[in-house]
Amino acid sequence: IFGAWFFAEKLTSPIRNLKKSADQLAQGNLAQEIDTTGKDELGSLANSFAKMRDAIRKKISDLHFLNNTAEAMAKLHDQTEVFMTALKVVKVQTEVELGVIYLLNKEKELENVTFYPESEISHLSANLEMGKIFAKKVIEQKQFLFIPDTSKDQTLAEPEHIEDPKAIFGIPMVDKDQVIGVMCF
């Protein structure tokens, strides 16, 4: 009898512990530790719970960061500062190397308003021109666009003129159903 009890305890104890951890997570306790040392299916399930907990923590942290940024941006009165802050937020959240905001002027021509990082603009004239071509495509299509490899898109530039091919994505900036500019990364 003792052997059967010991075997049953050894089998059900990890299940009870994982259930307690899952109950704590369900109640919002994201500090709950989860025993992921098991090497069986239960250990794999515990590992999945730990990953889920960590993903939820990250989402909450990201939302907190974005909320604080939005509050700070609401206090800004300079358009360039607002745009630079937006570019920095995207940089932090996505780890992009370069960001540019293009706005349409009164003549409906694109002008680069701000870029990130600021120190890199001197040697990026070719990339800025390619960015303008891409921004025009975003404006024409009025939707988010993504090109995974700029050297393979003939509409941006001849492949041999692209010094360092990268991915590029553009987000249209819309005001009252009109595209007023594009954020390119």
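So, here is what we can say about the structure in this document.

The rules behind these values
- Within each chain, residues carry numbers counting from 1 in the order of the written sequence.
- It should be noted that, the model being predicted, local features are given only for residues of pLDDT at least 70 and side-chain atom pairs only at 80 or more, the latter also being counted only at that level, while totals for whole chains, interfaces and linings use all residues.
- Water and hydrogen atoms play no part in the side-chain values, which are based on all heavy atoms of the structure.
- By definition, a salt bridge exists where a carboxyl oxygen of Asp or Glu is found within 4 Å of a side-chain nitrogen of Lys or Arg.
- A run of H or I in DSSP becomes a helix once it reaches four residues, and a run of E becomes a strand once it reaches two; helices and strands are each numbered from the N terminus.
- Each residue gets one of three labels from its accessible area relative to the maximum for its type: buried under 20%, exposed over 50%, partly exposed in between, using a 1.4 Å probe on protein chains only.
- In this scheme, strands are said to pair when DSSP sees at least two bridges between them.

**Quick notes on the pattern of salt bridges**
Moving on, step 1. By the definition in use, this model includes six salt bridges.
Moving on, step 2. Salt-bridge contacts for aspartate 23 lead to lysine 19; the nearest nitrogen and oxygen are separated by 2.7 Å. Linking aspartate 23 with lysine 19, this pair stays in helix 1 (residues 2-26), spanning four residues, or about one helical turn.
Moving on, step 3. For aspartate 23, a relative accessible area of 34% puts it in the partly exposed group.
Moving on, step 4. A salt bridge links aspartate 54 to arginine 53; the shortest N-O distance between them is 3.0 Å.
Moving on, step 5. Judged by relative accessible area, which is 8%, arginine 53 ranks as buried.

**What about the pairing of strand 4 (residues 168-175)?**
Moving on, step 1. Inspection of the sheet shows strand 3 (residues 145-147) paired to strand 4 by three bridges, in the antiparallel sense. Residue leucine 145 lies in a different strand from strand 4, and its bridge partner there is glycine 170.
Moving on, step 2. As defined by bridge partners, strand 4 adjoins strand 5 (residues 178-184) across six bridges and the pair is classed as antiparallel. Paired with methionine 173 across the strands is glycine 181, a residue of strand 5.
Moving on, step 3. Taken together, strand 4 and the strand that follows it, strand 5, pair antiparallel across an intervening segment of two residues, in which lysine 176 is found at a positive phi of about 50 degrees.

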